[in-house]
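# A closer look at the structure
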Amino acid sequence: MLKIHQHRPLSKEAIDQVFRYRAWPPFKRVLWANPFKHRYVFPLEADGQNLIVKVYHHGSLHYRLAALLGWSHADRYYRHATRLAAANVAVPGPIMLMKWGPRNLPHQTLFVMEYVDGREMTELLAEIEQSDERIKKVASQVAGLIDGLSRARVSHRDLNVKNFLVSPDDTVTLIDLDSASYHRSGGRTFARKHRRDIQSFLTASRGAPKFSAAVASKLKDR
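Let us look at the structure shown here. Residue numbers here run from 1 along each chain, matching the order of that chain's written sequence. Reporting in this predicted model follows two pLDDT cut-offs: at least 70 for local features of residues, and 80 or more for side-chain atom pairs to be given and counted; totals over whole chains, interfaces and linings ignore these cut-offs and use all residues. Side-chain descriptors were evaluated using all non-hydrogen atoms of the structure, hydrogens and water having been removed beforehand.

## A short note on the overall build of the protein chain
Each helix and strand in the protein chain was counted, giving seven helices and eleven strands. Radius of gyration here is computed from C-alpha atoms only, and the compact-globule reference equals 2.2 Å multiplied by the residue count raised to the power 0.38. Here the C-alpha atoms of the protein chain give a radius of gyration of 18 Å, agreeing with the 17 Å that 2.2 N^0.38 yields for 222 residues. Projecting the C-alpha coordinates of the protein chain onto the three principal axes gives extents of approximately 55 × 40 × 30 Å. Per-residue burial for the protein chain yields a buried fraction of 45% across its 222 residues. Here the contacts in the protein chain between residues at least 6 apart in sequence split such that 64% fall between residues at least 24 apart. Approximately 11,500 Å² of the protein chain is accessible, and the part contributed by carbon and sulfur atoms is 50%. In DSSP terms, a helix is any run of H or I states spanning at least four residues, a strand is any run of E spanning at least two, and both are numbered starting from the N terminus. Note on classification: 1.4 Å probe, protein chains only; a residue is buried when its accessible area is under 20% of the maximum for its type, exposed when over 50%, partly exposed between these limits. Here, residues are in contact when the closest pair of their heavy atoms is within 4.5 Å. Only the protein chains shown count as cover for residues, and all accessible areas are computed by the Shrake-Rupley method using a 1.4 Å probe.

Laid out in structure tokens, this is it:
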């Protein structure tokens, strides 16, 4: 079984390169790994682009059925990245979702997205806290991304400091949409979950009180 959803076209050669990442890819190139959840992130150069492949291994029948039905974490990431990118929210641009398995059930899902140069905000927060200029610049972008989630009616559900990438020029990108949810009608349920997202981020960033206060202030002004 091989099933491909393309948000942006890739050449056959590029698709063949992605396909080689199925099963157990070359771990010496891993950028990020969660062995407990069997998820791995690798760089990919294809079609003259720097890309990222996030590989999900579906070890149980439950996860394989979810992947077959389009309910898996990879499916969520792909859908919500597509939705947020269309709403001009800074997320890695989605490119392709590939599902592969020896029979009818997917054993692996490979999500291809644009490469974003940056480090997790967790690694940089202490540095940002020491600069009023950086606090202002980064806090404004974080508040804008959180506001973008609100406009798109997407609850992130894991809005932690580690799920924001900060580039060398302090451009901020939101990542890790595996657990996100879309709330078509908005309403009280979404409002409650959005407030929970905000509180999760402010709690996670409390080690940098000036930065956390700046984000909170900018969110109140929106």
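## Section: unusual backbone geometry
Positive phi is not limited to glycine here, since H38 has a value of about 60°. Looking at the secondary structure, you find H38 in the loop between β2 (32-34) and β3 (39-46). Positive phi is not limited to glycine here, since D176 has a value of about 60°. Relative to the elements of secondary structure, D176 occurs in the loop between β10 (172-174) and β11 (181-182).

## Regarding helix α7 (residues 209-220)
Owing to its 3.6 residues per turn, the α-helix aligns residues three or four sequence positions apart on the same side. Here α7 is twelve residues long and its end C-alpha atoms lie 16 Å apart, about the 16 Å a rise of 1.5 Å per residue gives. Those residues of α7 that fall on the buried side of the exposure criterion are F211, S212, A214, V215 and L219. Buried positions in α7, seen along its axis, are confined to an arc of 160° and lie on one side of it. Of the exposed residues in α7, the ones pointing more than 90 degrees away from its buried face are P209 and K220. Packing partners of the buried residues in α7 comprise α4 (121-129), α5 (132-152) and α6 (187-204). Residue count minus one, scaled by 1.5 Å, sets the expected span of a helix. This arc is taken over the directions from the axis of the helix to the C-beta atoms.

Limitation: the analysis is restricted to geometry and does not speak to function.
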